[in-house]
Structure formats: C-alpha cells, structure tokens
Amino acid sequence: MSKAPELATADLPPIVLPSTDELPPLLQDSDFWTDDMVAAAGIQVHDVPFVSIGGGMGSFVTVNYLRVAGGVPASDIKVLSNLSHPWQTYEYLTRVSQLSRRQRIRSDSQSRPDNLWGFPSYALQEALVKKSPKPLAQVLLEPVFADFYTPELDVVLKGIEREAGRIGYWDMLVQGEARLVRRRTGGGYYVLHAPRRPDGHNSGLIAFRARDVHIAVGYSGLRFLPDLQDFRARMNDYHHVVNAYEDHEHVYEALRRKPGRVVIRGGGIVTSAVLHRLIEDRRKYGLHTEIVHVFRTFYEGKHGPNQWWRRRGKHGFAYQGFNYPKSAWGGQLWSAMRRTEGDQRIKLYDLIGGTTTAWRRHWQEGLELARREGWYRTQSGQMAGLRLDGDQVVARVNVPNGSLDIAADYVIDCTGLDGDVAEHRILGDLLEHGGAGRNPMGRLDVERTFELRGSTNGMGMIYVSGAAAFGGYFPGVDTFLGLQIAAREIADDLARRGMARKMRPLRSISQWTKWVRNRRV
Amino acid sequence: MVPTLFGRIQTRLFLLAVVGGAITALITPILPLDGPMGQRYQATFVVLASVAVLGVAWELLYHLLMQWRWEKDWPTLFGLVTLVPEGILVWVLADRQILPGLPGPVPGDAFLVHFVLVWLAVWMVANGPMRVPFIRWRFRGGRVW
C-alpha cells in the first residue's frame, strides 16, 4: 500500500505561496466572495467539485462512501487535513486513554469504517484469521450470555490503512490547515487553506473553489471542567491533575515508584479503561495504589422513567454496550429520533443520554477484587475545587449534607471531549458568516441528509458529520457506524442531486467483490 | 441489523420468499415425501407460506417483547431460537391438516428437515450476506423497500 506522501499536493501545480496569512478585510468581512475579490487578493484558486475538511475518521468514511458507492473519481475530491493519516487523532486519543493497539475498542462487529457493507464483520474476519469459532460464538451469545463482541484496535486501523490505499486516499489528501469556508457568489464555496510547506509549517493561503464541502473536524478539544481549569491557572500545575485524554503516563510511572492515591472522576468508557490500567498495574507490579472514584451521578441499579426504558446500572456506573442504545443505529430509536424536533428531541436525547460504560466481565472481576480488598471506594458528589497541599492535591467534593476533602497524589479527570462548535475556527465562522445555525442541543443544525441548514448556495451544499452534528435527527454521529450512516445519507443525497451514482444491488455486489480482492476502486 | 416493526416484517417476507423459496425448490425432491412431485412441492410451499403468514403475527409479538429491552435490539441468538416456538406451531397446524392447501398428511421427518434448513439459511443470510446487495437495509431497520 502506498504511504502518505510527505507533501500531498502531488497533482496541484507547483505554486509560489503567498508570504502572508492575513486575509484582506474585504474577504474577512464578506459573507459571499466573488471570483474577482479572491483574484484581487492574489490567492491561487484550485477547482475541485468536492472538498472534505478534517481528514480524520469522518472524512475517511465519507470519501470512502463517495468513491465506492457514489462512483466519484478521486480526482474530484480533495481532503484538507493537518493529519498525515485518517486514524492519527483517533489512535492518539485511544492510546492516551489507555487503549493499546492490542486491546478492543467499544464498537460493534459490523461497524467497519473500512467496509461499506459491514460484511464480513470483524468477528467473522477474526474467526477466519485465527481459525477459531470463538468470535462467532460470542456474537451468537451476545449480549445475554456473553459480552458484546468488539474488535481489536489494531485490526480496525490496519483495515482502514488498506482501504485508504484502495480508494486512492493519499492522492486526495492535501496536508495543511483549512481556515475558512465562505459562500461563492454564483454558487458553491471557497475553502481557504494554508498548505503544509516542506519545512512542516502551514503557511500562505490558497483557495479551493468547490461545489460541495463536507466538514468533519471532530471535537474542538478536551473538556476541562471549570475547577480543573481554575486549578491549572492558579497553580500552573499540569502534573497532579490530568485529563484522561491527555498523555498522563507519568501518573502510572510515579505510582510504580511510590505508593499513592488516585482520585478518578467520571463514569464512562475511558474511566473503565483507566481503572483497568490502575488495577492491572497494581496486580502486575505488586503496587499499593489506592483509588477513590467520584461519581457526579451515582447509579445504584436499574434506572429510567418507566418499565419500557430501564437501563442497567450498579456501583455508580450506568451500563450500556455502546455509546447509545443499539437501536439508535438504524432501529426504532433511529426511526423515532428522525421524527423529533425541538424540545421533543431534547427529551429523547436526555432519555438515552448520560455517561455510560460497557459491562465487561474482566473489568467487573478487577473492580470486584478491588472493592473486596478495600483499595477502591466510590464517592457520590460534585467536585467543587482542587488545591495543592504540600505534595498532594486535595479535591473538595460537595455531597448532599455538606462537603468533604479527599487528599490524593493524582486526580485523573475522565469526563470527556468538548463539543462546543463555536470554539472551532471553521465552524464558528460558518455560524457567523455562512448562514449556519444551531440545533436544539447547541451544535450545528443539519438536515436528515446531513446538509448544513441555511448554508445551501446555488448548486452547492455543505454537509457536516461527526461530533459537530450531534443533536440532530440521528444521535450516533460521533461513532464509526454513525459516520457511515451519515456518509450513506450524504452519498445518496449527492446521487439525488445528480452529482454521484446511486449504488444498487448489482453494483453493490460487484464493489464488494472488489473489496474482497483488494482491487483499487 | 436492529429491526423496526416494518423492517422485521419486510425482511421476513423477503428472505422467506427468496432464500426460503430457493431452498424449498432445491430440497423438495430429496425430502422423504410421498406422492407425485407436484403434490410434494405443494406441501412444502404451503408450509413455507405458513411460516411467512403466521410470522407476521410472531413479529408483532417479538416487537412487543423487544420493548422491554433497553437497547431495543434483537440479539442474534433470539433470531435463531425463535425457530422452536414457530416450528412447533406450524407443525401442530400441519399435522392436524389445518393449514389450507395441504395436499395430504406431512411426514414429521420431512417437515423437520425442511423447516430447520429454511430457518438456518434465512437466519444466516440475515446476519451477513444480506448486507452485500442491500447496502441501506441495515441502516433502515431491516426495510427492504
């Protein structure tokens, strides 16, 4: 398979990059750009029908769909990204949040970003490769008599790498930093981009003149809760208090050198992974780590508004196989959500939302042992503040009858990623200049086809998928299968508009056999 | 595929017609049945049609049962073991000659082989190969059209 080239601008003419990043005020302030305005600013223009901004998993899954199902040639697509490969951010986040390539991610057997059909599923592939019926037996027995089958991260990433080569992804990738999307007078869009120079810096500006733009830029950053931000600002201390999505290996290393106490905050899948690491390290190296786990919402047992909606919970955690109930990806919840608007949608999101983790047998065994031996305890309450006391950090936790202080060596905050769309330069600009609006959950308002409402321009459209579109008619946007569902909607919408082919059964079978034989699309 | 009610019904009817029909057409000549070939085919296709028609009512029941599940899903195993109650019901109706259109008594061994083979084939296709020609099927609750 071909690797990502150093400077992936192979089929662009050699260009003399402008020396400045500054946009003339006229362009900065105008909601619509004319061709003359762009030419007057001396910005080189490249025409391409479809631009995808992001270059992470969302872009990959979308352009994969367009190439395979939509029959769109690679030369008609450009992916603008500051990443060198689509799984770069995903792999980074999984690694720092304690998931190595050998471990299993929280994703279904059929959720294959590298395969439009989800067939063969990861379980079937694993069974064939390992010549073992075990993965298939697990799928047969899940979730009642076995944990949900989930694939190994390494298998998932290698599959994406293979597929990227097959669809000509590296030829579509233009590394650098996408800056803005503005509507073009006469239809379509300008996408302003600072390409990566040979020295590795992104600078100078070029523009892509595109009919359609797809945006999948992921999360705007880590969610640092106010108390954590405040602690860091006051103490200038990035050592004692960490976010689980940051590299925090120093915590585990320190605990190996000297016994210590860790406060964990959160109840999601990353919390489970961090706890697993602490428990495993304790067992492997004979450590004496103590864990205090603070839950803002503590679930004692099954919970939900009525007998039809009861989610499993215990020891503080809410349990669910995946990020949402399974029917969100194409079942009755998918169907129900598509029909909701406004408050009704918020209510349904509230019902299925909240932080959950997966109930996995080996995690349960570890926690059970920890509880029994008394070195893991839980505390229900809201973290109110953090301060340093000598070598320790003291966490103040508000509980129903007052507050209590927990002294620890480290605090690991596992509360997640930030989805505020206005924080992102491109998304914020679309809200200000591009006609975009927010949905009832505060993120970008998209149609059922993932078209960004209010931004249509002549024959052109902007599509948004991934975390920025959370809160729309489809709840699972920030998941592998969700990205694929969005990609399917986008590809079908392009086909309806006559910009791509619609994949029907015979061509689907033919494309699938190409996938099996690893033939280039 | 996580089904919706219409998706369940459509998938059942479609797969029984296509996969069940093909299996039935292939195995009827070798099933331990008596009588001329026309009557044998009549018997097996009446049984197949009964599974489809009664199945609509079964799907309503399954849909109701699914409402007690938080995930509103229908695990792979459920799709397999429902073979037992459905098989028993069709057998009782066939054995008592209640199924309309049956040309005569149905031997138990022929019924068992036919029913189980059709069920397994439909279940296996629904759990994988169906997604190859029908790429939208799994994202639309199992709706075929």
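Residues numbered from 1 in each chain as written. Chains lettered and ligands numbered in written order. Predicted model: local features only at pLDDT ≥ 70, side-chain atom pairs only at ≥ 80, totals over all residues.

1. Focus: the overall build of chain B
At step 1: Secondary structure summary: chain B contains 5 helices and 0 strands in total.
At step 2: Radius of gyration (C-alpha) of chain B: 16 Å, near the 15 Å computed for a compact globule of 145 residues.
At step 3: Referenced to the eigenvectors of the C-alpha coordinate spread, the extents of chain B come out at roughly 50 × 30 × 25 Å.
At step 4: Looking at chain B as a whole, 37% of its 145 residues qualify as buried.
At step 5: Taking the contacts inside chain B whose residues are at least 6 apart along the sequence as the reference set, 80% of them involve residues at least 24 apart. (Helix = DSSP H or I, 4+ residues; strand = E, 2+ residues; numbered from the N terminus. Rg over C-alpha atoms; globule rule 2.2 N^0.38 Å. Buried ≥ 20, exposed ≤ 12 C-beta atoms within 10 Å, placed from the backbone. Contact = placed C-beta atoms within 7 Å.)

2. Observations concerning the interface of chain A and chain B
At step 1: Listed as interface residues are 36 residues of chain A and, on the opposing side, 24 residues of chain B.
At step 2: Looking at the side of chain A that touches chain B, the elements with two or more residues in it are helix H6 (134-141), strand E14 (309-314), helix H12 (332-337), helix H16 (480-496) and helix H17 (505-516) of chain A.
At step 3: Grouping the constituent residues of the side of chain A that touches chain B by class yields 21 nonpolar, 9 polar and 6 charged. (Nonpolar A, V, L, I, M, F, W, Y, C, P; charged D, E, K, R; others polar.)

3. Quick notes on the nonpolar core
Residues and elements named next belong to chain A.
At step 1: Among the nonpolar cores identified, the biggest contains 166 residues, and Val191, Ile412 and Val464 are the most heavily contacted of them.
At step 2: The leading source of residues in this core is H16, at 9 residues.
At step 3: Sequence-distant contacts of Val464, defined by excluding residues within four places in its chain, comprise Ile215, Leu444, Val446, Phe450, Leu452 and Ala469. (Core = buried A, V, L, I, M, F, W, Y, C linked by C-beta atoms within 7 Å.)

4. Focus on the sheet that holds strand E18 (residues 392-399) of chain A
Residue and element names in this part refer to chain A.
At step 1: Across the sheet, 3 strands lie side by side as E17-E18-E19; this open sheet has antiparallel pairing. What marks the edges here is a single partner per strand, and that holds for strand E17 (382-389) and strand E19 (402-408). Averaged over all pairs of adjacent strands, the angle between strand axes in this sheet comes to 25°, irrespective of strand direction.
At step 2: Note that E17 and E18 share 7 bridges and pair antiparallel. Pairing of Asp389 across the sheet is with Gln392, part of E18. (Pairing = 2+ DSSP bridges. Axes fitted to C-alpha atoms, helices over the stretch in contact; angles between N-to-C directions.)

5. A short note on the sheet that holds strand E16 (residues 376-380) of chain A
Residue and element names in this part refer to chain A.
At step 1: Taken in spatial order, the 5 strands of this open sheet run E10-E20-E11-E12-E16, and their pairing is parallel. Edge positions in the sheet fall to strand E10 (241-243) and E16, since each has one partner strand and no second. Taking the axes of each pair of neighbouring strands and ignoring which way they run, one obtains an average angle of 20° across the sheet.
At step 2: With 5 bridges joining them, strand E12 (residues 290-295) and E16 adopt parallel strand pairing. Paired with His293 across the strands is Thr378, a residue of E16.

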